[in-house]
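Overview (structure and organization)
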Amino acid sequence: MAGKLTVAQGTGILLVTANVGSLFEDPDNLQKTWLREFYQTVQTHKPHFLAVHCQEVGGKNYEASMSHVDISQNTFFLLQALGSFYFIHDSLKNVHQFDFKAKKFKKVVGKETYSETLESTPSLEKEKFPQDYFPECKWSRKGFIRTRWALADCAFDLVNIHLFHDASNLVAWEKSPSVYSGTRQKALGYVLDRITDQRHEKLPYFVFGDFNFRLDSKQVIESLCSTATLQTVRAADTNEVDKLIFRESDNDRKVVLQLEKKLFNYVNQDVFRENNGTSLLEYDKELSVFKDRLHELEISFPPSYPYSEDSSQGKQYMNTRCPAWCDRILLSPSARDLALKPENEEKSIVYDNIGPNVCMGDHKPVFLSFRITAGAGKPNANKHKCCVVQ
């Protein structure tokens, strides 16, 4: 995975987030391609420390899909929809993981797998969100898992997260920002408060997972359909809005967009792919509320969701939702300083997706590759003597 670690090189870190629900739905057609693209990314960046945060482990049809899960992996396998995998290269010495019950770091030795004993596992903190955060969902596996690591002169938290989705395109369109945006804001605020409370020392943190962030639906639709006229179709029995049809004023009244609860059928998908869809980033606003607490590198890849699950379609979006950057890697201010430490001029930082041209399921995995330079965490060295590379 990496060559011999040297002080000059720094410590290569690769963070990956992947919603893998599709892989459990169609493992025969998707898993081999997914793993090939993943391995290629690892080989390209050659990390010394690799963290993979997965969501929807087990798939959407949970019980049927779990037959595909092999929990004998040489890693930490954290079941219950969130799965966190950590790989440490042999050349990286003196790596420690935090014991949240003993409140101290312990040296990582050998290989460990945790699955059915998560409630009593001291090397992680996990929580599901309170039920009243998303009352529409009677049973939800949404939540977060935190682990804490010490390596390369510094210590930091890694948080795997899965936030609530948009249950209805029609409801999301009703106002700006949408009610779902408010729910995600509340849940993310809850996570940030929990990982920075007084129970443990505050450290730099990387939060990466499926945030389910969406474009501001009302504003993006008004932009895409600025010259169209709106037709509202209501259900005969309830008189509730059943679909919205946006038609061109001329051109034989051609349909530009048809919107239903789980349908977003726009006439020109190219707008989401041209220049990686970056013209639509102005409608990606959910993170702005946390601008003082979370930072992100510049996005230069197309919306990560919802891609076609047809194994022959690598760039096609499904017409179920408006494409959006759901899958993200976010950094606390101190974590950003750690990743962007200027001492190493040759350091390369890459924030991108995996498998841009092939089917990876309905979500494209997203990764962040960077190096922690020697001495980057020296301010913490006295507090965390276990962090200092010997």
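Residues numbered from 1 in each chain as written. Predicted model: local features only at pLDDT ≥ 70, side-chain atom pairs only at ≥ 80, totals over all residues. Heavy atoms only, no water.

The chain appears in an unreviewed UniProt entry as inositol-polyphosphate 5-phosphatase from Sander lucioperca.

So, about the sheet that holds strand β16 (residues 366–372). Strand order in the open sheet formed by 5 strands is β3-β2-β1-β16-β15, and the pairing between neighbours is mixed. Since the sheet does not close on itself, it has two edges, and those belong to β3 (83–88) and β15 (350–353), each with one partner. Across the sheet, the axes of successive neighbouring strands diverge by a mean angle of 15°, strand direction being ignored. Note that β15 and β16 share 4 bridges and pair antiparallel. Across the sheet, Val 350 pairs through a bridge with Ser 369, a residue of β16. (Pairing = 2+ DSSP bridges. Helix = DSSP H or I, 4+ residues; strand = E, 2+ residues; numbered from the N terminus. Axes fitted to C-alpha atoms, helices over the stretch in contact; angles between N-to-C directions.)

Once that is clear, we can look at the nonpolar core. Generally speaking, nonpolar side chains in soluble globular proteins are found buried as a group. Core analysis: the biggest nonpolar cluster contains 53 residues, and Leu 15, Leu 158 and Phe 206 have the highest contact counts within it. The dominant element in this core, judged by the number of residues it contributes, is β16, at 4 residues. Non-local contacts of Leu 158, meaning those with residues more than four positions away in its chain, are made with Leu 15, Phe 49, Ala 51, His 53, Tyr 86, Ile 145, Arg 146, Thr 147, Trp 149, Phe 206 and Phe 208. Ile 161, Leu 163, Tyr 205 and Leu 330 belong to the second largest nonpolar core, which has 20 residues in total. (Core = buried A, V, L, I, M, F, W, Y, C linked by side-chain atoms within 4.5 Å. Buried < 20%, exposed > 50% of the residue type's maximum accessible area, 1.4 Å probe, protein only. Contact = heavy atoms within 4.5 Å.)

Right, let's talk about empty space enclosed by the protein for a bit. Tallied over the entire structure, the rule returns 1 cavity of 30 Å³ or more. The volume enclosed by the largest cavity comes to roughly 110 Å³. What lines the largest cavity is simply Asp 166, Asn 169, Ala 172, Arg 214, Leu 215, Ser 217, Val 220, Leu 259, Phe 264, Arg 321 and Cys 322. Broken down by secondary-structure element, the contributors of at least two residues to the lining of the largest cavity are α4 (169–174) and α6 (217–224). The residue inventory of the lining of the largest cavity, partitioned by class, reads 6 nonpolar, 2 polar and 3 charged. (1 Å grid on protein atoms, 1.4 Å probe; cavity = no way out; pocket = protein on both sides within 12 Å on 5 of 7 lines; lining within 4 Å. Points joined across faces, edges and corners; volume = space filled by probe spheres on them. Nonpolar A, V, L, I, M, F, W, Y, C, P; charged D, E, K, R; others polar.)

Side-chain pairs of opposite charge can arise where the charged atoms are in close proximity. Under the defined criterion, the tally for this structure stands at 18 salt bridges. One salt bridge in this structure joins Asp 337 and Arg 336, with 3.9 Å as the shortest N-O distance. Given the relative accessible area of 30%, Arg 336 is considered partly exposed. Each of Glu 125, Glu 127, Arg 146, Arg 148, Asp 157, Arg 194, Asp 197 and Arg 199 takes part in a single network of salt bridges with overlapping partners. (Salt bridge = Lys/Arg side-chain N within 4 Å of Asp/Glu carboxyl O.)

Our focus in this paragraph is the pairing of strand β2 (residues 49–55). Along β2, 7 of the 7 residues are buried, which leaves the element largely enclosed by surrounding structure. Residues of β2 alternate between two faces, with Phe 49, Ala 51, His 53 and Gln 55 on one and Leu 50, Val 52 and Cys 54 on the opposite face, all of them buried. Sheet analysis places strand β1 (residues 11–19) next to β2, joined by 7 bridges and oriented parallel. Each residue of the ladder has a partner; that of Ile 13, found in β2, is Phe 49. The pairing of β2 with β3 spans 6 bridges and is antiparallel. By the bridge assignment for β3, Phe 49 is matched with Ile 88.

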